Amino acid sequence: MPPRLSPVRIGSAEVPGNLFLAPLAGFTEPAFRRLCVEYGAFLTYTEMLSAEGFIRDNRKTRLLLEREENEVHFGVQIFAGSPFAAASAVRDIEKSRPTLVDLNCGCPVPKVVRTGAGSSLLRNPRLLHDMVKAMRDHTSLPVTVKIRSGWDGGSVNYRETADAAVQAGAAMICLHPRTRSQGYSGSACWEQIRDLKTRISVPVFGSGDLYTPGDAARMLGETGCDGVMFARGALGNPFIFRETREFLTTGACRTPDPEERVAAGLRQLDRAVELKGEDAACREMRKHFVSYVKGIPGSARFRALIVQARTRDEYRRIAGDFLRSLPEGRER
Ligand SMILES: Cc1cc2nc3c(=O)[nH]c(=O)nc-3n(C[C@H](O)[C@H](O)[C@H](O)COP(=O)(O)O)c2cc1C
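All of these numbers come straight from a predicted model, not from anything done at the bench.

Parameters at a glance
Residues numbered from 1 in each chain as written. Predicted model: local features only at pLDDT ≥ 70, side-chain atom pairs only at ≥ 80, totals over all residues. Helix = DSSP H or I, 4+ residues; strand = E, 2+ residues; numbered from the N terminus. Rg over C-alpha atoms; globule rule 2.2 N^0.38 Å. Buried ≥ 20, exposed ≤ 12 C-beta atoms within 10 Å, placed from the backbone. Contact = placed C-beta atoms within 7 Å. Axes fitted to C-alpha atoms, helices over the stretch in contact; angles between N-to-C directions. Parallel < 35°, antiparallel > 145°, perpendicular 65-115°, else oblique. Left-handed = near helix turned anticlockwise from the far one by under 90°. Nonpolar A, V, L, I, M, F, W, Y, C, P; charged D, E, K, R; others polar. Pairing = 2+ DSSP bridges. Right-handed = clockwise from strand over helix to strand, strands pointing away. Domains from an automatic or database assignment. Near = placed C-beta within 6 Å. Core = buried A, V, L, I, M, F, W, Y, C linked by C-beta atoms within 7 Å.

Of regular secondary structure, the protein chain possesses 14 helices and ten strands. Taken over C-alpha atoms, the radius of gyration comes to 20 Å for the protein chain, in line with the 20 Å a tight globule of 332 residues would show. Expressed along its principal axes, the backbone C-alpha trace of the protein chain runs to roughly 60 × 45 × 35 Å. The buried share among the 332 residues of the protein chain stands at 50%. The long-range share in the protein chain, meaning contacts at least 24 apart out of those at least 6 apart in sequence, stands at 66%.

Here it is, written out as structure tokens:
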């Protein structure tokens, strides 16, 4: 099937397009998600939120639930180690009316795995089933699941975990076809996405190694998946949503010039300052900003300066100097 932009029905929710921003712990915060939506993401996710955090009424967990007004289609992802914790969390999350709630079954971080959550669930499809069922029993929102291929190379079981989730009522499966033991290294095995798509009736989304509009088109075309989630490829690069929308529609796309990239980074910073204050925003924006200029000639010096910037004025000054230093006598 030719790759195309299309609406996608996820349980009772209709999302107008199939290019999503994946959950990324430490990165998919409101100011960044807002830009991704401006540039064309059809649905954005929170980073994974601790189900236990809701039970304990943790303030930080609740803040992570906050949503920008342009996030019309919005997913909340949780990680949980027991059906009780998952059910309690969704009851709470439902009050903020997201589009869907997603269960993380892929996080490889030992701190998470030790609690029986994240990729630990890949070793226990029965428990995964019971978690999804408990979530379904406690919310009318669509419940979706994000899995990996399996725990390690010797136990690839995405078919079994996806079946368990669907039998329990999952409305969509996203497969990141790497095993837990691969972490984020090596390449994602897209063939598994194609295989899964032929086996289950709910929408299948693919994640893994999506860095360009061409990658997204290829994943859609080669696997027949219903949609894609950009992850690392969207960092410092919310433009990837505009580019992919254009590419899928016309076969070509505009790429942002250095001015647009820096201006977008500064806009994200402005919004982050509004939301969390100048000090925290400037500290947290450093990791984003270095991605915004990645690949621009001379960006190494810029990176060295920006990782020390402490105020919005410092960011602006460093960014202005950087743009003026670019070749071809750019007038500004
Ligand atoms: C820094 C980082 C944080 C991530 N956090 C989450 C998360 O909170 N929940 C989740 O389901 N996946 C998370 N992922 C996995 C991504 O959503 C995605 O599936 C994975 O990076 C593969 O896509 P990519 O190769 O295009 O980056 C994270 C990945 C990275 C690199």
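Structure's up, so let's keep going.
Turning our eyes to something else, we now look at the packing of helix α1 (residues 30-38) against helix α11 (residues 258-276). One can describe the packing of α1 onto α11 by two numbers: an axis separation of 8 Å at closest approach and a directional angle of 135°. As summarised for this structure, α1 and α11 are arranged oblique, according to the angle between their axes. Judged by the twist between their axes, the crossing of α1 over α11 is right-handed. On α11, the residues touching P30, A31, F32, R34 and L35 of α1 are A264, R267, Q268, R271, A272 and L275. Looking at the contact of α1 with α11, its residues break down into seven nonpolar, one polar and three charged.

Residue R97 is not a glycine yet carries a positive backbone phi of 50°. One can find R97 in the loop between α4 (83-94) and β6 (100-105). R97 sits in the exposed class, given 9 other C-beta atoms within 10 Å. Positioned with a positive phi, D209 is a non-glycine residue whose angle comes to about 65°.

This paragraph deals with the pairing of strand β10 (residues 227-230). With burial as the criterion, each face of β10 is covered, one bearing G227 and M229 and the other bearing V228 and F230. Of the pairings in the sheet, the one linking strand β3 (residues 19-21) to β10 comprises three bridges and is parallel in character. Residue pairing across strands places L19 opposite V228, the latter belonging to β10. As for the winding sense of the linkage, the β-α-β connection from strand β9 (residues 204-206) through helix α9 (residues 213-223) to β10 is right-handed.

Quoted interface sizes are often the accessible area lost when the parts come together. Domain assignment breaks the protein chain into domain 1 (8-249) and domain 2 (258-325). Here the C-alpha centroids of domain 1 and domain 2 sit 29 Å apart. Across the boundary between the two partners, domain 1 contributes nine residues, which contact ten residues of domain 2. Class assignment of the residues belonging to the side of domain 1 that touches domain 2 gives a composition of six nonpolar, two polar and one charged.

Moving on: the site of the ligand. Inspection of the region around the ligand gives 22 residues, with A22, P23, M48, A231 and R232 positioned closest. Broken down by class, the residue content of the shell around the ligand amounts to ten nonpolar, eight polar and four charged.

A41, I78, A86, V132, I173 and V228 are the most contacted members of the largest nonpolar core, which has 97 residues in total. Counting the residues that make up this core, at least three belong to each of domain 1 (8-249) and domain 2 (258-325). In this structure, V228 is in contact with N18, L19, F205, G206, L210, A216, M219 and L220, ignoring residues within four places of it in sequence.

Read around the closed barrel, the eight strands follow the order β3-β4-β5-β6-β7-β8-β9-β10; overall the barrel is parallel. On average, each strand axis in the sheet is tilted by 30° relative to the strand beside it, whichever way the strands run. Across the sheet, α9 lies against β3, β9 and β10, angled at about 145° from β10, the strand it touches most.

So, about the environment of V8. Within the element layout of this structure, V8 appears in strand β1 (residues 8-10). The exposure class assigned to V8 is buried, which follows from the 20 C-beta atoms found within 10 Å. Considering only alpha carbons, one finds V8 and T139, 131 residues apart in sequence, at a separation of 21 Å. The residues touching V8, leaving out its near neighbours within four places in the chain, are V15, N18, P203, D226 and G227.

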